[in-house]
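# Coordinate analysis (summary)
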Amino acid sequence: MTDTDAKLQPKKKGLTRRQKRTLSRGVQYAVFLAAVIAFAVTADWDRLQNQFAQADIAKQMFPDVITLALKNTVLYTVSGFVVGLVLGMVVALMRLSSVGPYRWLAGVYIEIFRGLPALLIFIFVGVAVPLAFPGTEIPGGTYGKVAIALGLVSAAYMAETIRAGIQAVPKGQMEAARSLGFSPAKAMVSIIVPQAFRIILPPLTNELVLLFKDSSLVLFLGVTLEERELSKYGRDLASTTANSTPILVAGLCYLLVTVPLSFVVRRMESKSQEAIR
Amino acid sequence: MSRPEIEVRGLHKSFGANEVLRGIDLEIGQGEVVCVIGPSGSGKSTLLRCVNLLEEPSGGQVFVGGTEVTDEDVDIDAVRRRIGMVFQQFNLFPHLSVTENLTLPQRRVLGRDKAAAARIAAENLARVGLTEKAGAYPSSLSGGQQQRVAIARALAMGPEVMLFDEPTSALDPELVGDVLAVMRGLAQEGMTMMVVTHEMTFAREVADRVVFMDGGVIVEEGRPGQVIGAPRHERTRHFLSRLLDPAMAEVEEETSDQVGKGDA
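Residues numbered from 1 in each chain as written. Chains lettered and ligands numbered in written order. Predicted model: local features only at pLDDT ≥ 70, side-chain atom pairs only at ≥ 80, totals over all residues. Heavy atoms only, no water.

## Details of the overall build of chain B
- The helix and strand inventory of chain B stands at ten helices and ten strands.
- Taken over C-alpha atoms, the radius of gyration comes to 19 Å for chain B, in line with the 18 Å a tight globule of 264 residues would show.
- Overall size of chain B, expressed as C-alpha extent along the three principal axes, is 55 × 45 × 35 Å.
- Going through the 264 residues of chain B one by one, you find that 54% of them count as buried.
- Here chain B displays about 11500 Å² of accessible surface, and carbon together with sulfur accounts for 47% of that area.
- On chain B, the mean spot of the 27 positive side-chain charges and the mean spot of the 39 negative ones are 6 Å from each other. (Helix = DSSP H or I, 4+ residues; strand = E, 2+ residues; numbered from the N terminus. Rg over C-alpha atoms; globule rule 2.2 N^0.38 Å. Buried < 20%, exposed > 50% of the residue type's maximum accessible area, 1.4 Å probe, protein only. Areas by Shrake-Rupley, 256 points an atom, 1.4 Å probe, with all protein chains shown as cover. Lys, Arg positive; Asp, Glu negative; His and termini not counted. Charge placed at Lys NZ, Arg CZ, Asp CG, Glu CD.)

Structure representation (structure tokens):
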């Protein structure tokens, strides 16, 4: 049935647009189905199950994978997000400043930290800084280092998001505030920024999802057993058990958080679309 | 009448090469209501915005209540507290309720406590007839209601002078009356008002003086009956005839405006 469809396609002239569309859709489904069947037939299911879905190994991961690994992942993400938000706010305001050197400095910061891989920043904060400044200790140990590394990276992105949000607030809002006697700083804090944050809530939440995944780079800092997050925990267990089930479980734990978050973002985006109309 | 409440001396304003105001002299006494009329692009809104320094004049001086607004060392935020401003587009704060629109500026700018700010907000909402909308958000109000809230917000700061920048131009025709009624009441209470408007009926009935601007200069000013009823200048007559009876206006070459802007 499906391969006769495929044979018919090049020869027959004079099909209507609708028929062509149906035909092309049919071919696409056929190819997809063929790929799935080919995978199902050729895959060694016993081996796969053995490697990825061993119930006893998965069972052995609980409750630590949640109470330790997921907890640490969330902790790293949130602390990095808070640092990034505060720093990003400062950089965004500098970028919009009427003072030239502030704008220039903020621009340089954004370009550098958006241009470098997050991994490099982690190595820089975790290894290079302690070596370059012996005696100085980043407060909070690993947690402090991760918060700073994630914060440095995300601040660059968030600064651009916040700047765009502030610029999206109509000019009349600042004029109204100034005409009531607000100083520029007070107007920014009381009137402009609260409106800007409503606009940028969806992209900020997206940034949170990105950070959640980037927190896996803690792997490269060398952490103690209690400081392990999902990726490190999954990998350690995978190597001790010589089995990939822990990786699968860790992955599912990420999705447990990121999928609902993405859903929330989509809801917020469609809501703000409605608000514009 | 003692010293003028608003005094403008030799005011010039250019946007790049475009000279919008070319030497304005104007005095507005305490309690006086002055309507500024003129074709679009005549500089009337720019003049108004120069009074509270939303636009920085290129030359000349502006005094409000005896304080020089154009002095570089003036505390502009302090001066602006004495000058209320109402915009064409209302510019209410959309993230705040009507009451919060009135209380937040009082608390943040004037440092009033919560109770006093709420009391003054309620008084001024009653003044514009919108007490029942106290808890509503701006987006749920009609344009006329939003503009009345904007007037109440300015009044809650206790200004000595009110500036109106085409307050009814963005409104549906049937909503204009409510806003004008509020402004009329304000004029009767003795508020000093400078109003940029196209509402000739309002200007004729409420204004003490009407100023006609064209091409960045004041062409003629005087009592409303005189300027609107019996204009002395051809440009005023031309503008008024087009405004009062737009259906009778003829298509014309862009001359009078362009000459005014192009030469000099």
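That covers the picture; the talk isn't over yet.
## A look at the overall build of chain A
- Broken down by element type, chain A carries twelve helices and zero strands.
- Secondary structure elements of chain A occur, N-terminal to C-terminal, as α-α-α-α-α-α-α-α-α-α-α-α.
- Taken against the 2.2 N^0.38 rule, which gives 19 Å for 277 residues, the C-alpha radius of gyration of chain A at 26 Å runs more than 25% over that of a compact globule.
- Considering only C-alpha atoms, chain A reaches an extent of 75 × 60 × 30 Å along its principal axes.
- A total of 277 residues make up chain A; the buried ones form 39% of that total.
- Sequence-distant contacts in chain A: of pairs separated by 6 or more residues, those separated by 24 or more amount to 74%. (Contact = heavy atoms within 4.5 Å.)

## Examining the interface of chain B and chain A
- Counting residues at the interface gives 22 residues for chain B and 18 residues for chain A.
- Summing both partners gives a buried area of about 1700 Å² for chain B against chain A, and 58% of it is carried by carbon and sulfur.
- The largest contributions to the chain B side of the interface with chain A come from B:F93, B:H95 and B:R108, which together make up 33% of the buried area.
- Taken together, the links from chain B to chain A amount to two salt bridges.
- In this structure, the connection of chain B to chain A is made through seven residue pairs in polar contact (both at pLDDT 80 or more).
- Going through the elements one at a time, α2 (76-81), β6 (83-86), α3 (98-110) and α5 (143-155) of chain B are the ones with two or more residues in the side of chain B that touches chain A.
- Taken together, the residues of the side of chain B that touches chain A sort by class into 13 nonpolar, three polar and six charged. (Buried area = accessible area lost by both parts, 1.4 Å probe. Salt bridge = Lys/Arg side-chain N within 4 Å of Asp/Glu carboxyl O. Polar contact = N/O pair within 3.5 Å; in protein donor to acceptor, adjacent residues only side chain to side chain. Nonpolar A, V, L, I, M, F, W, Y, C, P; charged D, E, K, R; others polar.)

## Let's talk about the UniProt feature "domain: ABC transporter" (unreviewed entry) in chain B
- Taking the UniProt record as the reference, the feature "domain: ABC transporter" (unreviewed entry) is found at residues 6-240 of chain B.
- Strand forms 26% of residues 6-240 of chain B and helix 37%; the C-alpha atoms that close the span are 26 Å apart. (UniProt positions renumbered as here; feature names shortened; annotations may be inferred.)

## Points about the UniProt feature "transmembrane region" (unreviewed entry) in chain A
- The sites that carry the UniProt feature "transmembrane region" (unreviewed entry) are, in the present numbering, residues 26-43, 74-94, 115-136, 142-159, 180-201 and 247-265 of chain A.
- Secondary structure across residues 247-265 of chain A divides into 100% helix and 0% strand, with the first and last C-alpha atoms of the span separated by 27 Å.

## Remarks on the sheet that holds strand β1 (residues 6-15) of chain B
All names here are of chain B.
- Within the open sheet, the four strands sit side by side as β2-β1-β4-β5. Their pairing is antiparallel. For this open sheet the edge positions go to β2 (18-28) and β5 (67-68), each flanked by a neighbour on one side alone.
- Relative to strand β4 (residues 59-64), β1 runs antiparallel, the two being bridged by five bridges. Following the sheet pairing, E7 is matched in β4 by F63. (Pairing = 2+ DSSP bridges.)

## A word on the sheet that holds strand β7 (residues 161-165) of chain B
All names here are of chain B.
- The mixed open sheet is built from six strands, whose spatial order is β6-β7-β8-β3-β9-β10. Either end of the sheet is taken by a strand with one partner, and the two such strands are β6 and β10 (217-222). Averaged over all adjacent pairs, the angle separating strand axes in this sheet is 15°, with direction ignored.
- Relative to strand β8 (residues 192-196), β7 is paired through five bridges, and the arrangement is parallel. Counterpart to V161 in the pairing with β8 is T192. (Axes fitted to C-alpha atoms, helices over the stretch in contact; angles between N-to-C directions.)

## With respect to the UniProt feature "domain: ABC transmembrane type-1" (unreviewed entry) in chain A
- As recorded in UniProt, the sites labelled "domain: ABC transmembrane type-1" (unreviewed entry) are residues 70-265 of chain A.
- A distance of 21 Å separates the end C-alpha atoms of residues 70-265 of chain A, which is 81% helix and 0% strand.

## Side note on the pairing of β4(B)
Residues and elements named next belong to chain B.
- Both β4 and β5 contribute to a ladder of two bridges, which runs antiparallel. The residue bridging V64 from the neighbouring strand is T67, located in β5.
- Turn length for the β4-β5 hairpin, with the two strands adjacent in sequence and antiparallel, is two residues, and the turn residue G65 shows positive phi of about 55°.

## Considering a positive patch on the surface
- On the surface, a cluster of positive charge is contributed by A:R17, A:R18, A:K20, A:R21 and A:R25.
- Mapping A:R21 onto the fold places it in helix α2 (residues 17-42). (Patch = residues over 30% accessible without salt bridge, like charges linked within 9 Å, V, L, I, M, F, W, Y side chains within 5 Å.)

## So, the side chain of B:Q106
Residues and elements named next belong to chain B.
- Here Q106 lies in helix α3.
- Judged by its relative accessible area of 0%, Q106 falls in the buried class.
- In this structure the side chain of Q106 is engaged in a polar contact, spanning 2.7 Å, whose partner is the side chain of R112.
- Leaving out residues up to four positions away in the same chain, Q106 has contacts with G111, R112, A116, A117, I120, A121, A156 and M157.

## What to know about a negative patch on the surface
- A contiguous patch of negative charge on the surface is contributed by B:E56, B:D71, B:E72 and B:D73.
- You can see B:D71 is positioned in the loop between β5 and α2.

## A word on helix α11 (residues 230-241) of chain A
All names here are of chain A.
- Given a rise of 1.5 Å per residue, twelve residues ought to cover 16 Å, and the 16 Å separating the end C-alpha atoms of α11 matches this to within 8%.
- What α11 keeps buried is the set L230, K232, Y233, G234, D236, L237 and A238.
- The N-cap residue of α11 is E229: its side-chain oxygen and the backbone nitrogen of S231 are 3.2 Å apart.
- Residue A242 follows α11 closely and has a positive phi angle near 50°. (Expected span 1.5 Å × (residues − 1).)

## What about the packing of helix α6 (residues 100-115) of chain A against helix α8 (residues 141-168) of chain A?
Residues and elements named next belong to chain A.
- Running from amino to carboxyl end, α6 crosses α8 at an angle of 120°, the nearest separation of the two axes being 8 Å. For the element pair α6 / α8, the angle class is oblique. For α6 against α8, the interelement crossing comes out left-handed. Residues Y109, I110, F113 and R114 of α6 lie in contact with α8, whose contacting residues are G151, L152, A155, A156, Y157, A159 and E160. (Parallel < 35°, antiparallel > 145°, perpendicular 65-115°, else oblique. Left-handed = near helix turned anticlockwise from the far one by under 90°.)

## Quick notes on the confidence of the model for chain B
- Summary statistics for chain B give a mean pLDDT of 91 and a share of 94% for residues scoring 70 or more.
- Interface confidence in the predicted complex, given as ipTM, is 0.89; pTM for the same model is 0.81. (pLDDT = per-residue confidence, 0-100.)

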